[in-house]
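# Close look at the chain arrangement
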Amino acid sequence: MRAIAVERGETDPRVIEIEEPEPADGEVLVRTLRVGIDGTDHEVIGSNHGGYPEDEEFQILGHEAIGVVEDAGETDLEDGQLVVPTVRRPPGGDAHGSGGEPNEFFDHDEPDMAPDGEYVERGIAGAHGYMAEYFTSEPRYLVPVPEEFAEIGFLVEPISNSEKAFDLATAARSTFEWDPESAIVLGNGPLGLLTLAMFDAKGFDRSYCLGRRDRPDPTIDVIEKLGATYVDSRETPVDELPDAHEPMDFVYEATGYAPHAFETIDALAPNGVGVLLGIPGDWEFEIDGGRLHREFVLENKALLGSVNSHVPHFEAAVETLGEFPEWFTDAIVTHVFEPEDVDHAFQTGDDRIKVVVEFDDL
Ligand code: NAP
Ligand code: BGC
Ligand code: ZN
């Protein structure tokens, strides 16, 4: 079967021919329909994040997938059911993430809270991903989705990352009466725009989205069509948001631009919360740590990091995706490529928002 992989020492993914995977006992065989590409995939092929499966000369990419159960085996799933796979698997398994020994985080169904070394991530770190005609998985890592999600279901995984971040952040404000009205997403990449649409579904009164692009730009059109305000970071740095617009009850960082983490503290309203999702490389710069520390304490602010997601967040994302207007998903899925067009799929620029590789349809 065809798979899209990057070989050790290379930075250009290409199509390779490999054996179709054999499901182990208790596993399901899934026929892949579509696999999305995000900023993390570009970091993986650039060797800036993640790593190859042990002893493999290549890594199959892709962690945002939608597929159809081809062979449910002895499991409770049914052939023909549409499913979205989660990303993390126990360490110590084979190159496809099968057969590892579950640790306490997997036993508690909270692998998204496992520290480094206690998991592999399919398509990202230590295990092959889903950019292949077929993949196998234990059913506990497959989330059923409705049939109308055949074309957009690959968006469930990125939305689930935002659902988890939202849960963590709001839990940090759950000990008092907190009624957030203003929210900003830092970043107008695919994760930022999906999160902005999620904010809309969650009913924030006023939302903003930060970018660094000139008009006309398709992401600014989407931001404004969602009823949000576009903020250009070249004119309004994040720490000047309270003066330029208003203090933010909720800040969601999805740029990977490390200074934003600290500028967020000034952007927040008293009692506000910021959640960081971007994954920057090492980056040194100066901050006034004393002033920011004081600001945190005296204004009861919170700042936290969030990575990955698990089944309950995927289920929440299925609900959220079902509430997105059709114009929105049409507007953000800008490019659909066949596997053979891999070179074009991994380019950047030319008004791309969300790029997807299509292996098959229903
Ligand atoms: P992306 O395509 O790289 O998007 C980042 C966006 O931020 C881009 O549109 C970029 O603008 C914008 N940006 C960067 N610096 C900026 C600045 N100084 N001012 C204004 N805008 C700025 O990545 P993505 O897929 O949307 O993901 C966003 C980040 O989250 C990445 O770092 C990714 O690795 C991470 N991520 C984390 C998780 C998690 O679970 N924690 C999940 C998914 C993704 P331009 O396009 O104009 O350059
Ligand atoms: C993926 C997450 C993953 C994170 C860190 C994101 O792009 O969507 O599932 O945990 O990268 O590798
Ligand atoms: Zn991702």
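Just so it is clear, the structure is predicted and the values come from calculations on it, not from any experiment.

Looking at the zinc ion (ligand 3), one finds its protein donor set to be Asp38 (OD) and His63 (NE2), positioned 2.1 Å from the metal centre. Around the zinc ion (ligand 3) sit four donor atoms; with metal-centred angles ranging over 76 to 159 degrees, the donor geometry is irregular. Residue Asp38 is located in the loop between strand E3 (28-37) and helix H1 (39-45), and its partner His63 is located in the loop between strand E4 (58-60) and strand E5 (64-71); the two are separated by 25 residues in the primary sequence. Each member of the pair, Asp38 together with His63, is buried.

Asp38, Thr40, His49, His63, Val87, Glu121, Ile124, Glu157, Asn161, Ile279, Val307 and Asn308 make up every residue found near ligand 2. Within the contact set of ligand 2, an oxygen atom lies 2.5 Å away from a side-chain nitrogen or oxygen of Thr40. At 2.6 Å from an oxygen atom of ligand 2 is found a side-chain nitrogen or oxygen belonging to Glu121. Tallied by class, the residues present in the shell around ligand 2 amount to four nonpolar, five polar and three charged.

Strand order in this open sheet of three strands is E2-E1-E4, and the pairing throughout is antiparallel. Bordering the open sheet on either side are strand E2 (14-17) and E4, each of which pairs with just one other strand. Between one strand and the next, the sheet's axes are offset by a mean angle of 55 degrees, whatever the strand orientation. Here strand E1 (residues 2-7) pairs with E4 via three bridges, running antiparallel.

In terms of domains, the protein is made up of domain 1 (2-144 + 325-358) and domain 2 (160-305). Between domain 1 and domain 2, the buried area comes to about 1,100 Å², and carbon and sulfur atoms account for 78% of it. Broken down residue by residue, the surface that domain 1 buries against domain 2 is led by Trp327, Phe328 and Ile353, which jointly contribute 49%. Remark: the boundary between domain 1 and domain 2 carries one salt bridge. One salt bridge connects Lys164 with Asp112, and the closest N-O pair in it is separated by 3.0 Å.

What follows deals with the packing of helix H3 (residues 156-171) against helix H9 (residues 311-323). Contact geometry for H3 and H9: axes closest at 8 Å, N-to-C directions at 110 degrees. Classified by the angle between their axes, H3 and H9 sit roughly perpendicular to one another. Crossing hand, H3 versus H9: right-handed. Seen from H3, the contacting residues are Val156, Glu157, Ile159, Ser160, Glu163, Lys164 and Asp167; seen from H9, they are His313, Phe314, Ala316, Ala317, Val318, Thr320 and Leu321. For the contact of H3 with H9, a count of residues per class yields seven nonpolar, three polar and four charged.

Parameters at a glance
- Residues numbered from 1 in each chain as written.
- Chains lettered and ligands numbered in written order.
- Predicted model: local features only at pLDDT ≥ 70, side-chain atom pairs only at ≥ 80, totals over all residues.
- Heavy atoms only, no water.
- Donors = N, O, S within 2.8 Å, 3.2 Å for Na, K, Ca; no water.
- Tetrahedral: all angles 85-135°; square planar, octahedral: opposite > 155°, others 65-115°.
- Helix = DSSP H or I, 4+ residues; strand = E, 2+ residues; numbered from the N terminus.
- Buried < 20%, exposed > 50% of the residue type's maximum accessible area, 1.4 Å probe, protein only.
- Near = heavy atom within 4 Å.
- Polar contact = N/O pair within 3.5 Å; in protein donor to acceptor, adjacent residues only side chain to side chain.
- Nonpolar A, V, L, I, M, F, W, Y, C, P; charged D, E, K, R; others polar.
- Pairing = 2+ DSSP bridges.
- Axes fitted to C-alpha atoms, helices over the stretch in contact; angles between N-to-C directions.
- Domains from an automatic or database assignment.
- Buried area = accessible area lost by both parts, 1.4 Å probe.
- Salt bridge = Lys/Arg side-chain N within 4 Å of Asp/Glu carboxyl O.
- Parallel < 35°, antiparallel > 145°, perpendicular 65-115°, else oblique.
- Left-handed = near helix turned anticlockwise from the far one by under 90°.
- Contact = heavy atoms within 4.5 Å.

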